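Residues per chain, in single letters:
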Amino acid sequence: MNPDVHVCPFCNGLLPGLSAQPSAEKLPCPRCGELIPASRWRIDTAIASGEPTLPTPTGGADRPDAMQQIVPGIRKTALIVLGIMLAMAVVGLSYALWTTKLRRSRDPKLTLDPITFRKPLELEGLGYLPKDADIIVGLQIAEWLADKKVGKPLLDEPRPAVLDWVMKQLPRVTGMPLEELDHVVLAASFDTPQVVMVVKTRRPIALEKIAEHAKPSNTPLHQDKPLYEISLNPPAEALAWCVEAKTLLVVLRLDAPKLEHLNALSAMPRSIEEIMDAPLRDALKERLPKFQFLWAAGRLDRLGLLKDLLQMAAVAKPYLEATKDLKVFAIGLEPLDGLTLTGHFLMTDAKAAAKFKSFLEGMKIERVQQKVAAVPPGEKDQWLTWQVRGDVAAIRELLNQQKK
């Protein structure tokens, strides 16, 4: 006889022997409760008479021939499992809420380069400027904003007009807030109608943020470095060239910028000696030897025809008359006794120095202390020093004089 005949076809459980032929055509399996044909059950007359007590199959209410016995444990087990799941959910949620502050403290934070207080000549951005610039301006933004006493209040809005345009354009050009910038240097030459701006940042530049303000360009790369065209407001056009993760070179022009306008720039930094001629380099080294928020240095002895053209402008004529014998200047703003603006001016000779000294002494500026240091007798170089000192409000008013 096939041994499988005494096995439940549904659960493969062994069917117990019966003492006599059952009266029903089908009997429920004692393991799974399914109805099994009587022919599959083994008859053993040695077993006590009567049919075995068997559990009621699933759906026994619909099967009047099945024995009515409840299958134990299924509903109770489901309730226990559900209770455990609910308890674990409550505990997990409570733990998550309780540890929120701790977990937030461990979140990865935006890492910015540390702030260091540097002299003007120590700024890395200078190495990316074009050679032989006539005017160079530096804004040491990271140090500036780090000074909560006088530095940051000077940049609070409404800013002085001389600073406002640059500070508004920097986030647009870089796609970064001012707090993530390190320093900015600008350079211009009298024979080239453009300004070059070098922006050094405290974290890698997010190029997708620049692309949000950029115009579609047929030349997305220059020397395998990302290049963008950006329109600024007031009207100006710019080429932004990302030469390194934290370095952006920007060419600003009133007309449409072209790739050829980048020819004077290098994707690799050059030495200060290669960038600046000796008069400018010496002015920054000797006249601005300490940290500055804002500084500028330039050569006016190379104005040439531009000086003659400016003489025709009524507004510029008095200033050009006073500065016509000015060769080199270096001006810096530093957090000294409030804020101190110091200007150093190299004149052509002693007569020109005396005349310019009288011009500076004649300037009347309210709410500040000012003095002009005379050129020491016997000095070969005719350097004059002009110093203006005051609180934040007074210096803001001084820088805002061009609005009046």
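Residues numbered from 1 in each chain as written. Predicted model: local features only at pLDDT ≥ 70, side-chain atom pairs only at ≥ 80, totals over all residues. Heavy atoms only, no water.

1. Re the overall build of the protein chain
In terms of helices and strands, the protein chain carries twelve helices and 15 strands. Here the protein chain holds 404 residues, and 42% of them are scored as buried. If you take every contact in the protein chain between residues at least 6 apart in sequence, the share linking residues at least 24 apart comes to 60%. For the protein chain, the exposed area adds up to about 22,900 Å²; of that, 59% sits on carbon and sulfur atoms. (Helix = DSSP H or I, 4+ residues; strand = E, 2+ residues; numbered from the N terminus. Buried < 20%, exposed > 50% of the residue type's maximum accessible area, 1.4 Å probe, protein only. Contact = heavy atoms within 4.5 Å. Areas by Shrake-Rupley, 256 points an atom, 1.4 Å probe, with all protein chains shown as cover.)

2. Side note on the environment of N233
Among the secondary structure elements, N233 is positioned in the loop between β8 (225–232) and β9 (236–244). A relative accessible area of 59% means that N233 is categorised as exposed. In this structure the C-alpha to C-alpha distance between N233 and W165, which are 68 residues apart in sequence, comes to 8.6 Å. If near-sequence neighbours (up to four positions away) are discounted, N233 is found in contact with W165 and Q169.

3. A short note on the confidence of the model for the protein chain
Chain-level statistics for the protein chain give a pLDDT mean of 83 and a share of 84% at 70 or above. Ranking the elements of the protein chain by mean pLDDT puts helix α9 (residues 305–310) last with 49 and strand β3 (residues 135–139) first with 96. A low-confidence stretch, residues 54–72 (pLDDT under 50), is modelled with 35 contacts involving residues beyond four sequence positions or located in other chains. Predicted confidence is poor over residues 312–316, with pLDDT under 50, and the contacts of this stretch with residues over four places away or in other chains come to one contact. (pLDDT = per-residue confidence, 0-100.)

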